[in-house]
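Observations on the three-dimensional arrangement
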Amino acid sequence: MHGLKKEKMTGSVNLISFSSAIADARQFSKRHILLGNGFSIACRPGIFRYGRLYEQADFSKLSPSAKKAFETLRTEDFEKVIKALRSAASILKAYDGVDPTLINALKRDAEGLKELLVQTIANSHPEWPSEIRESEYAACLQFLSNFNTVYTLNYDLLLYWAQMHDDMTKEKSDDGFRKSEDDPEAPYVTWDPSNSHRQKTWFLHGALHLFDAETEIQKYTWINTGVRLIEQIRDALNCGLFPIFVSEGTSNEKLSRIRHNDYLAKAYRSFSEITGALFIYGHSLASNDDHFLKRIEKGKINKVYLGIYGDPNSSSNREIIYRAMKMPSRRKRGSGLSVTFFDTSSVKVW
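Below you will find a few notes about this structure. (Residues numbered from 1 in each chain as written. Predicted model: local features only at pLDDT ≥ 70, side-chain atom pairs only at ≥ 80, totals over all residues. Heavy atoms only, no water.)

**Focus on the overall build of the chain**
Note the following rule: Helix and strand labels come from DSSP, where a helix needs a run of H or I of at least four residues and a strand needs a run of E of at least two; each type is numbered from the N terminus. Each radius of gyration reported is based on C-alpha atoms, and the globular scaling rule is 2.2 Å times the count of residues to the power 0.38. The buried label applies to any residue whose accessible area, calculated with a 1.4 Å probe on protein chains only, is under 20% of its type's maximum; exposed applies above 50%, and partly exposed to all values in between. Here, two residues are considered to be in contact whenever any of their heavy atoms come within 4.5 Å of each other. Each accessible area value is a Shrake-Rupley result obtained with a 1.4 Å probe; residue values ignore everything except the protein chains displayed when judging cover. Only four residue types enter the charge count: Lys and Arg as positive, Asp and Glu as negative, with His and the chain ends excluded. The atom standing in for a charge is NZ when the residue is Lys, CZ when it is Arg, CG when it is Asp and CD when it is Glu.
Broken down by element type, the chain carries 15 helices and 13 strands. Over its C-alpha trace the chain gives a radius of gyration of 21 Å, about what one expects of a compact globule, namely 20 Å for 350 residues. Taken along its principal axes, the extent of the C-alpha atoms in the chain is 60 × 55 × 40 Å. Taking all 350 residues of the chain together, the buried fraction comes to 54%. Here the contacts in the chain between residues at least 6 apart in sequence split such that 74% fall between residues at least 24 apart. Counting only carbon and sulfur atoms, one obtains 49% of the accessible surface of the chain, whose full area is about 17000 Å². Counting 48 positive and 43 negative side-chain charges, the chain places the centres of these two groups 9 Å from one another.

This is the structure in structure tokens:
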């Protein structure tokens, strides 16, 4: 961090401002951003915090044990419970005499919670793009304009709405989807690997408006139908269609899901190949996303700028900082990797 303005000092790490980080990153020809759930929380904390999703979820169609699992684990994080249920099912298989009915029940609850998470996000999501204020869109687009490529781990529509907000932004944020050659009048657009060479936006874990139609990847849009996106998504869910949505519990389970979907696999390879500077905003470097963290460590990125929210000396931030500081030592070949931390309160994302 030599030569950078040190605006906050903690016992273990210096935090610089976002503007200082961007100024430093101009030494690289490419700058990328990886967005975590903190990006959506910054826009609408009353909706996208895990605790809020838990409060709004309708557990009535699942077994009573599924909700009790949250209480037992003392968490409101869906992914943690899904991971725990699947781990429990795997462990019980190793024991003789365990009732297979119990193992199947654990698996059903894990899958049911995954679907419930999607339903809850869709049902609690803002109804219209106009619910986001013009000033919020302006701030978001200014923030995103600093980067050549946007990678997001979020499932919601906020990023998509921001990028579709004006024609100039649409051109700069190509997501690879085009009108179907076989059916140009279809109420959706499709993705093909041949359209991905200039792609600037990737939904690494899928999204509410992306669907796997077996022979093609479809993206629901408002412009082709005049029907608001969230309504299209809810109709699809009610018809038993499920979005491309990676919410498996562990990193290995997520990676397995990614490798079996053409779009997700291409997104994974794209992230693996990026060079220059990578900014990370709103992500805790949790182990269930190690499949992407390892690509940073083993890849070609020269420098990581990691956003820290709140007190850097809090226990949760100390864990994040410790995980980040291990990254350079895991780079075994190629160019070196360095990590700098910036204060997320120094940038207005919305």
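**What to know about the side chain of Arg44**
The following threshold applies: In protein, a polar contact requires one atom able to donate a hydrogen and another able to accept it; more generally it is a pair of N or O atoms within 3.5 Å, and residues adjacent in sequence count only if both atoms are side-chain atoms.
You can see Arg44 is positioned in the loop between α2 (37-43) and α3 (45-48). A polar side-chain atom of Arg44 sits 2.8 Å from a polar atom in the side chain of Glu136. Apart from the residues lying within four places of it in its own chain, the contact partners of Arg44 are Glu131, Ile132, Arg133 and Glu136.

**Let's talk about the pattern of salt bridges**
Selection rule: Take a side-chain nitrogen of Lys or Arg and a carboxyl oxygen of Asp or Glu: if they are within 4 Å of each other, that pair is a salt bridge.
One pass over the full model with this rule turns up 12 salt bridges. Measuring nitrogen to oxygen at the nearest pair gives 2.8 Å for the salt bridge that ties Glu136 to Arg44. Linking Glu136 in helix α8 (residues 134-144) with Arg44 in the loop between α2 and α3, this pair joins segments that are 92 residues apart in sequence. Glu136 sits in the buried class, given a relative accessible area of 6%. We classify Arg44 as buried; its relative accessible area is 17%. A salt bridge links Lys300 to Glu273, with the nearest nitrogen and oxygen atoms 2.8 Å apart. Of the two residues, Lys300 is situated in strand β12 (residues 300-308) and Glu273 in helix α13 (residues 262-273); the sequence distance between them amounts to 27 residues. Each member of the salt-bridge network shares a partner with another, and the members are Asp290, Glu297, Arg323 and Arg330.

**Points about the packing of helix α5 (residues 64-73) against helix α6 (residues 78-93)**
Heads up, the rule is: Every axis in this analysis is a line fitted to C-alpha atoms, fitted for helices over the stretch in contact. Angles between the N-to-C directions lie between 0 and 180 degrees. If an angle is under 35 degrees, it is roughly parallel; if it is over 145, roughly antiparallel; if it lies from 65 to 115, roughly perpendicular; otherwise it is oblique.
Packing of α5 against α6 leaves a shortest axis separation of 10 Å and a crossing angle of 105°. Looking at the two axes, α5 sits roughly perpendicular to α6. Between α5, through Ala69, Phe70 and Leu73, and α6, the contact on the second element is made entirely by Phe78, Lys80, Val81, Ala84 and Leu85.

**Overview of helix α12 (residues 251-259)**
Where we set the bar: To obtain the arc, one takes the directions from the helix axis to the C-beta atoms.
Buried within α12 are the following residues: Ser251, Lys254, Leu255 and Ile258. Within α12, the buried residues cover an arc of 100° as seen down the axis, which keeps them to one side. Contacts from the buried residues of α12 go to α6, α13 and α14 (290-298).

**Thoughts on the nonpolar core**
Heads up, the condition is: Among buried residues, those of type Ala, Val, Leu, Ile, Met, Phe, Trp, Tyr and Cys that are joined through side-chain atoms within 4.5 Å constitute a nonpolar core.
Counting 109 residues, the largest nonpolar core has Phe78, Leu113, Phe143, Phe279, Ile296 and Trp350 as its most contacted members. It is helix α7 (residues 100-124) that provides the largest number of residues to this core, a total of nine residues. Aside from chain neighbours lying at most four places away, what touches Phe279 is Phe18, Ala21, Ile22, Ala25, His32, Ile33, Leu34, Phe147, Tyr305 and Phe342.

**Description of the packing of α12 against α14**
Operational definition: Here the nonpolar group is Ala, Val, Leu, Ile, Met, Phe, Trp, Tyr, Cys and Pro; Asp, Glu, Lys and Arg are the charged ones; every other residue, Gly included, is treated as polar.
Here α12 crosses α14 at 85°, and the two axes come no closer than 8 Å. In terms of orientation, α12 lies roughly perpendicular with respect to α14. From α12, Ser251, Lys254, Leu255 and Ile258 reach across to α14, where they touch Asp290, His291 and Phe292. Class assignment for the residues of the contact of α12 with α14 results in three nonpolar, two polar and two charged.

**Re unusual backbone geometry**
You will see that Arg74, though not glycine, has its phi angle at about 55°, which is positive. Here Arg74 is to be found in the loop between α5 and α6. For Arg74, a relative accessible area of 80% translates into the label exposed. Non-glycine residue Leu285 carries a positive phi angle of around 60°. Tracing the sequence through the fold places Leu285 in the loop between β11 (275-281) and α14. The class for Leu285 is buried, based on a relative accessible area of 5%.

Function cannot be inferred from these measures alone, as they are strictly geometric.
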